Every structure is written in structure tokens, then in C-alpha cells.
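Tertiary structure, described
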Amino acid sequence: LGFEYSMPSVSTTNYYLFIFIRFFVIFGFLLAFLCVYNLCLFYTSDKVFKVLESVLFIVILFGIYIYLAQIFGLWEPPRSRMGTGGQDFAAESVGFSYAFHRLLGTFREPSHFAEWVVGPLLIVLSISKSRPNRFRFILSILAIFCLILSGSLRGVLGFLSGMFVLVFFGVL
């Protein structure tokens, strides 16, 4: 089709595989949605929420570790993907060109971490009102702390918008 020229010269896949992977990501989302829907049908939603809370907790702890590892020069897990600037993260530690160091966890960019944390955080906050739990409270505080450390304006605005919607509909 003639779009191969728009691929970066250091890309790890060809154009057609790149497009296939993008469609596969959409299919993966739909498959995950159907899996969660079926889990909610066959099990109680409490079990699904517990899994979501556990995954959120692991991602947050791993994100905090990587944040501290970058600051103190500790071991970081290797990254096998390119950054948006074309740099290879597998060979070097991530650095930022400004004074504020941002939490990015296992993601390539801090905004990706923030985007992933906002949805589960809002779900945890919405179920915390009807079923309060000390773990959920601590998890919410840690998630908000990590969201702020990510420095992602889009993540913070998404969180505030979600909170507004939850308050508007009386969930919080």
C-alpha cells in the first residue's frame, strides 16, 4: 500500500505485522471484556474485584520499586521495546531531562502507567463505599500517590473526571 516508508528505521517489525498487532490489541481487549463478563456471571463480582485489587497492588508495588531503582541505581528489569524517541530501553536506564523524576513502572511512558491505574482505582473507590476495607483504603492511597508521581496530567484529569462522574451518579 505504500505506507512502509512511514515506519521508523529502527522498528522491530515490518509494516504489515505492526498493523496486525494493532488489530490484535483490539481483539485482545474484547476477549478480556468477555472473560470478565463471564467471570461475573459464573462467580460473584467480589472475586473479580479481588483479582483486580491484587493486580493493581502488584503493579503499584512494582512501579514504586522501579521508581526507586531508577533514583538509587538499583537493578531494573530489562525493557525490550523502543521509546517514543527511538531509544532502546533494554540497554540503558530511563532518564528524564527535567528535575522531576516520573514513575513509569514497567510501562514505556509515565502516562501509560497513569492510564492503566486510573480505571482500577476508580473501581476500587466505588466498591469501597459499599464494602469498606482497610486494604482497599491503603491501595487507594498508594494508587493516588503513584498517579501523582507519574506526573501525567492526562491521568490526573482522567481520575478527577471519573471522580466527578462517580459523585454525580451517587456512587461515592
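Above this note sits the structure.
Treat the numbers as computed from the prediction; the structure is a model and nothing was measured.

Between its first and last C-alpha atoms helix H4 (residues 134-150) spans 24 Å; for 17 residues at 1.5 Å apiece the expected length is 24 Å, and the two agree. Among the residues of H4, Arg136, Leu139, Ser140, Ala143, Cys146, Leu147, Leu149 and Ser150 are the ones counted as buried. Against the buried residues of H4 lie helix H2 (45-72), helix H3 (110-130) and helix H5 (153-168). Capping the start of H4, Asn133 holds a side-chain oxygen 2.9 Å from the backbone nitrogen of Phe135, two or three residues further along. Positive phi shows up at Gly151, right after H4, with a value of about 70°.

Quick look at the side chain of Ser152 now. Locating Ser152 in the fold gives a position in the loop between H4 and H5. Since its relative accessible area comes to 3%, Ser152 is described here as buried. Every residue in contact with Ser152, bar those within four places of it in the chain, is listed here: Arg102, Pro110, Ser111, Ala114 and Leu147.

As a further point, take H2. With 28 residues, H2 extends 40 Å from end C-alpha to end C-alpha; this agrees with the ideal 40 Å at 1.5 Å per step. If you check which residues of H2 are buried, you get Val48, Phe49, Glu53, Leu56, Ile60, Gly63, Ile64, Ile66, Tyr67, Ala69 and Gln70. On the buried face of H2, the contacting elements are helix H1 (15-42), H3 and H4. Immediately downstream of H2, the backbone of Gly73 shows phi near 75°, a positive value.

Tracing the sequence through the fold places Gln70 in helix H2. Residue class for Gln70 comes out buried when judged on its relative accessible area of 11%. Here the side chain of Gln70 touches Glu76 through a polar contact of 3.4 Å, side chain to side chain. Within the structure, Gln70 has its side chain in polar contact with the side chain of His101 (distance 2.8 Å).

Applying the stated criterion to the full structure yields 2 salt bridges. We note a salt bridge from Arg136 to Glu53, for which the minimum N-O separation is 2.4 Å. In this pair, Arg136 is assigned in helix H4 and Glu53 in helix H2, connecting sequence segments 83 residues apart. Arg154 is the salt-bridge partner of Glu115, the closest N and O atoms lying 2.6 Å from each other. Note that Glu115 is positioned in helix H3 and Arg154 in helix H5, a separation of 39 residues in sequence.

For the rest of this paragraph, the subject is the environment of Lys129. Mapped onto the secondary structure, Lys129 falls in helix H3. Residues Lys129 and Val171, 42 residues apart in the sequence, show an inter-C-alpha distance of 7.7 Å. The contact partners of Lys129, leaving out residues within four places of it in the chain, are Gly170, Val171 and Leu172.

Moving on, we get to the nonpolar core. Grouped together as the largest cluster of nonpolar side chains are 20 residues, with contacts concentrated most on Leu56, Ile60, Leu103, Cys146 and Phe159. If you list the elements that add at least two residues to this core, you get H2, H3, H4 and H5. Considering each element in turn, this core owes the most residues, 8 residues, to H3. When near neighbours in sequence (up to four residues on either side) are disregarded, Cys146 contacts Ile60, Ile64, Leu103 and Phe113.

The rules we used
Residues numbered from 1 in each chain as written. Predicted model: local features only at pLDDT ≥ 70, side-chain atom pairs only at ≥ 80, totals over all residues. Heavy atoms only, no water. Helix = DSSP H or I, 4+ residues; strand = E, 2+ residues; numbered from the N terminus. Expected span 1.5 Å × (residues − 1). Buried < 20%, exposed > 50% of the residue type's maximum accessible area, 1.4 Å probe, protein only. Contact = heavy atoms within 4.5 Å. Polar contact = N/O pair within 3.5 Å; in protein donor to acceptor, adjacent residues only side chain to side chain. Salt bridge = Lys/Arg side-chain N within 4 Å of Asp/Glu carboxyl O. Core = buried A, V, L, I, M, F, W, Y, C linked by side-chain atoms within 4.5 Å.

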